[in-house]
Structures are given as C-alpha cells and as structure tokens.
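What follows is the residue order along each chain.
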Amino acid sequence: MGFARACSVALVGVEGVVVEVQADLEPGVAAFTLVGLPDKSLVESRDRVRAAVVNSGAEWPQKKLTVGLSPASVPKSGSGFDLAVACAVLGAAERIDPAMIADVVMIGELGLDGRVRPVRGVLPAVLAAAEAGYEQVVVPEQTAGEAALVPGISVLGVRSLRQLIAVLCDEPVPEEPADGEGRPDAMLAGLMIPGTGLGTGLVPAAARGDGHRPDLVDVAGQLRPRQALEVAAAGGHHLLLSGPPGAGKTMLAERLSAVLPPLTRQESLEVTAVHSVAGILPPGEPLVSRAPYCAPHHSATMQSLVGGGNGIPRPGAVSLAHRGVLFLDEAPEFSGKALDALRQPLESGHVVVARAAGVVRLPARFLMVLAANPCPCGRHTLTGAGCECPPSAVRRYQARLSGPLLDRVDLRVEVEPVDRADLLGQGGRGESTEVVAARVRDARARAAERLAGTPWTTNSEVPGHELRTRLLVAPGALAAAERDLERGILTARGLDRVLRVAWTVADLRGADRPDASDVAVALELRTGIQRGVPMGAGER
C-alpha cells in the first residue's frame, strides 16, 4: 500500500483554508475516487490529472486510488487542486519522494498535456498558507510574482508538471517551449473572468483607450463641488452630487480616485487579494497600487453590489471598490433593495454574505459617490427650463434614496449648470489633480499622526464617542450644530459625521483642531443650508 500527501488551499470568499490532499493506493480494480466535498470542476480533475501525468512521461498506477481532501467539511471548488492531487498520486506511486511534498503547498490547474495553468486567488491562498506556518509554495509561472508578494514564503513557479517532477527528484529540468510570438498567451485565460475589465466600469471611462488620465483641470467651473471632492478624498467621506444632466457630476466622480493617496503596502495586498479572487487582476501587474474605481450600471442587482451568487458567495462591487471609489451614477434608478443593502458596509467597512453554502466576510471599506438628478426629466432646479414633472413625481423620484441611506452620506452638494464663461475658459482653469492630491496627502498625514496608536487612519473611521470625549473641538464651536440637532435638522449620527468633516476641513487648512468656522463649513456640506462662510478647504 502506498500513501502520500501534499497541501493546497480552498478559498472561501477572500479567506483561505489549507487543505491536505491525501492519496492512497491499494490492490484492487483500477479506479479513481475523489472525496472531501468537491464541486463539479474539482470532480473533473480526475480526468485532467490522469491525462497530465501520462503525457508528462510518468506511469499512472493501475491500482485502486483514493484521493481525500481534508478537512472534508470545508466546501472545495475550482481547478487549483490539480497540481497537489497529481503530486500526491505520484508520491503514493513512489515516482517522487513523499517526504519532499508533505509540507509544500501547491496551487495550479493542469492541462491535458501537463502544462500548469494559472488560477485566480493565488495571493489570498498564499497568504493563508503563510498564516498556517508553511514556507514553500508551488504556483504556475505566470502567477509567481503575485505569490512572491507574501513575505517569508519561498515561491517556485513552474510551467509544467514535467518541470516540477524534475525539481522534486533532483533531475535535469526540461525546457518548455513558450507560445508563439505575437499571439495572446492562452495560459492567462484562467486569470480573467469573461466580461470583466474595462467594460464593467472598473476604471474611469475617460481613462480607457487612448491612455489619457482624467484630470480635475478638465472640469470647467464647479468650484463648490470641486472643494467637496477634496474634502471627501481627504477624510474618506461619502458624497452626494445632485444636479441637472450635463452639469459634470460624472466628470467629477471619475477624477476622485486619482486624488486619493497611493495605497499603502497593507492596503495594496487587501485590494489585490479581492481582485485576484474576482478575476479582474490585470496580467503582469501582480500588485494594485492605486485606489480602485468601480461604477456599476444602475440595473445592477443586490447580489452584484454586495456579493453573492451560486455556491460560495463571490465579491460584489462594494468589495471591488475596497480602499477606492464606488460611483453610483443615476442613483435613484437603482433598486431600493440594492441601495439599502449598502447601509451595513457603509458603517462597518465589511459585508457579511450568508448563503446556504456558507457565510463569507468580504472587505468593503470604500468611498461612495452618488449622482442624482432632481427629478425624472432633470430640469426641476433650472429656472425657465420647462420642467413638466408634477410635484408628486418629483417627491417619488427623490424618495428613492431612502433617509437611512442619505443619513450615512457626509457631503451633499448641488452641482449647478456650467455658465458660458467657465465653459469657454474665460473664468480661468481650476487646479490640477496633482495640486489637489498633494493637499489631500498632507491632510491625511495630519490625521494619521493624530490617530497614531488607534485602529483608525482617516477621520471618517473615528467613532462618535471618540469625537465627543477625546478629540474635542474648540470651545463653542458646536453651537450651530447643537441648534440643528434640537430642530431635527441633524440626527445623532449626523452630528458625528459633521464632527468628522469638521476635522477634515481643519486638517486641510493645517489647524490643530476645528473651530466654529470649520463646523459651519461641515454643516453647510451636510445640510446644504448656507452658513455664510467661505467654502475653500485650505483658506479662510
């Protein structure tokens, strides 16, 4: 009787569980049994592995073969177990030394000719292996750079099963010919889900095709919305842009991700892990370093926004926008069920999706931008524009954004139509993205220094209790906010969010703590009621 084991990783959401792949050979009628709660694609690995082993020059054992995936209670899906199954079978057949593979984590799909194909989710799988104490992983050659992002792990990238057998047996490693020049690499097909990428709103529309990156200098006029955009980026505050069609709401939202600071190393690993599992990680770019941008269509379902699907839930738009921007254009056209599902991730920074196949916790700390027209025709706020929507239709349209959802939005700005002088450049051009991004970086650095030693890094994450007890504003600065609270203009949550915005405004102008003017700016951005204070974030 022969026995051998190797290791692989089962992904549940963006978290991994190390799975021991055990192979047992016994005398009897030749058969291949796979146990351990596999899905359809994993059951089919029996045929892939047999063909790959034979075509790699190894002999397939003609005995009763049982392959077990332990722990058996964890659902296992995908084709990433092929490599571990093949090596466990070869170890049981004594083609390779079982001791050489006992503590090696192997991730990869096998082609019928023995080539090792890349799979999605390599980074979170290697992270799970490192947390479990493993030090050696074998991955497809195309994803070796992604696996190498995890510190303390020895990564071996292989192109075929023949190469891996040669390495494990200390034999000369055969050369594998590369695909023909000028053709797309068919081996990278496993990393991308068909239909994802540029067409799904994962990059700003203006950044596609010609290489031009959106810049704030392209936006004509709109001084107040630009300043609100800067405050949103500096503090991580959610933003609502309301105004008629063609005023520039989408242009402003598309330029927000470029204003955000570059991701830290830890944030980059979090975002890369989500994108790797979702199948949208660009080949050749193993690490996402810029804040992502996700703009789903208003016909998106609740499952596509917060995550879900058949079997184990997959990341939704809120997770794809983790540490970046989630832009909901024509927000009132989204279904009320889908919009209200955003309430929990807006507060907690993660989303918990419960399905029959399991419960998955997905990261979802994003900056939400809503764009809305004032009425179905969009001309309700324009003087003499001929809006024919009855008052009841206007009320119904505006009520599609529920009160509890809007209560979680810190900044609400009216985007006015652009006048002729601004559109033709006669009023001067606004600041560029580079200038605004520098101020945002400085403001975030002040906030990070103030919040050092706490689990928070931006003002939008600080709980209200801390704002009212430890991070105190100047004496008397909250008088106007307290009056609004008594009149019912603000809720208790709204008061906390006003304090967070006031701290961000103070950070942008370099102040030690907010004063009455900073609170007035925050109140104006929150309620839309004019307070008679200048709106410049870095000026008085």
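Here, every reference points to the structure presented above.
Because the structure is predicted, anything quoted here is derived from the model rather than measured.

Thresholds applied
- Residues numbered from 1 in each chain as written.
- Predicted model: local features only at pLDDT ≥ 70, side-chain atom pairs only at ≥ 80, totals over all residues.
- Heavy atoms only, no water.
- Helix = DSSP H or I, 4+ residues; strand = E, 2+ residues; numbered from the N terminus.
- Buried < 20%, exposed > 50% of the residue type's maximum accessible area, 1.4 Å probe, protein only.
- Lys, Arg positive; Asp, Glu negative; His and termini not counted.
- Salt bridge = Lys/Arg side-chain N within 4 Å of Asp/Glu carboxyl O.
- Polar contact = N/O pair within 3.5 Å; in protein donor to acceptor, adjacent residues only side chain to side chain.
- Contact = heavy atoms within 4.5 Å.
- Arc of directions from axis to C-beta.
- Expected span 1.5 Å × (residues − 1).
- Pairing = 2+ DSSP bridges.
- Axes fitted to C-alpha atoms, helices over the stretch in contact; angles between N-to-C directions.

**Q** I keep staring at the side chain of glutamate 146 and nothing clicks. Help me out?
**A** For glutamate 146, the position within the fold is in helix α6 (residues 144-147). Salt bridges are absent for the buried glutamate 146, whose nearest opposite-charge side chain, arginine 120, sits at 10 Å. Here leucine 123 takes part through its backbone nitrogen, which lies 3.1 Å from a polar atom of the side chain of glutamate 146. Here glutamate 146 is in contact with Val122, Leu123, Ser276, Leu281 and Pro286, once residues within four sequence places are set aside.

**Q** Looking at this model, I keep getting lost on the pattern of salt bridges. Mind explaining?
**A** As a working rule, side chains carrying opposite charge can pair if their charged atoms are close by. Following the criterion strictly, the structure yields 27 salt bridges and no others. Notably, a salt bridge pairs glutamate 267 with arginine 323, separated by 3.8 Å at the nearest N-O pair. Taken as a pair, glutamate 267 in helix α11 (residues 265-278) and arginine 323 in the loop between α13 (317-320) and β12 (325-328) lie far apart in primary sequence, 56 residues in all. Residues arginine 323 and glutamate 270 are paired through a salt bridge, measuring 3.2 Å at the closest nitrogen-oxygen approach. On the criterion of sequence distance, the pair formed by arginine 323 in the loop between α13 and β12 and glutamate 270 in helix α11 is long-range, its members being 53 residues apart. Judged by its relative accessible area of 23%, arginine 323 is partly exposed. Connected through salt bridges with shared partners, the residues Glu347, Asp407, Arg408, Asp410, Arg493, Arg497 and Arg526 form a single ionic network.

**Q** Teacher, can you tell me more about helix α16 (residues 391-398) here?
**A** All of the buried residues in α16 are Ala393, Val394 and Tyr397. For α16, the buried positions fall inside an angular range of 100° around the axis, keeping them on one side. Turned more than 90 degrees away from the buried face of α16 sit Pro391, Arg395 and Arg396, all of them exposed.

**Q** Where do I start with helix α23 (residues 516-527) in this structure?
**A** Three or four residues apart is the spacing at which side chains of an α-helix point the same way, because the helix has 3.6 residues per turn. Spanning 12 residues, α23 covers 16 Å between terminal C-alpha atoms, matching the ideal 16 Å at 1.5 Å per step. Within α23, 10 of the 12 residues are buried, which leaves it mostly tucked inside the rest of the structure. Listing the buried residues of α23 in full gives Ser517, Asp518, Val519, Ala520, Val521, Ala522, Leu523, Glu524, Leu525 and Arg526. The secondary structure elements touched by the buried residues of α23 are α8 (223-235), α17 (403-406), β16 (411-414), α21 (479-487) and α22 (492-508). Between a side-chain oxygen at the N-terminus of α23 and the backbone nitrogen of serine 517 the separation is 3.1 Å; the capping residue is aspartate 515. Immediately downstream of α23, the backbone of glycine 528 shows phi near 80°, a positive value.

**Q** Before we go on, may I ask you to explain the sheet that holds strand β10 (residues 239-242) in this structure?
**A** In any sheet, the strands associate via hydrogen bonds between backbone groups, in a parallel or an antiparallel arrangement. With parallel pairing, the 5 strands of this open sheet are ordered in space as β11-β12-β15-β10-β16. Both outer strands of the open sheet, β11 (293-294) and β16, are each paired with one neighbouring strand and no more. As judged from the 4 bridges shared by β10 and strand β15 (residues 367-372), these two strands associate in the parallel manner. Residue serine 242 lies in a different strand from β15, and its bridge partner there is alanine 372. Strand contacts of α8: β10, β15 and β16, with the helix running at about 165° to β16, the strand carrying the most contacts.

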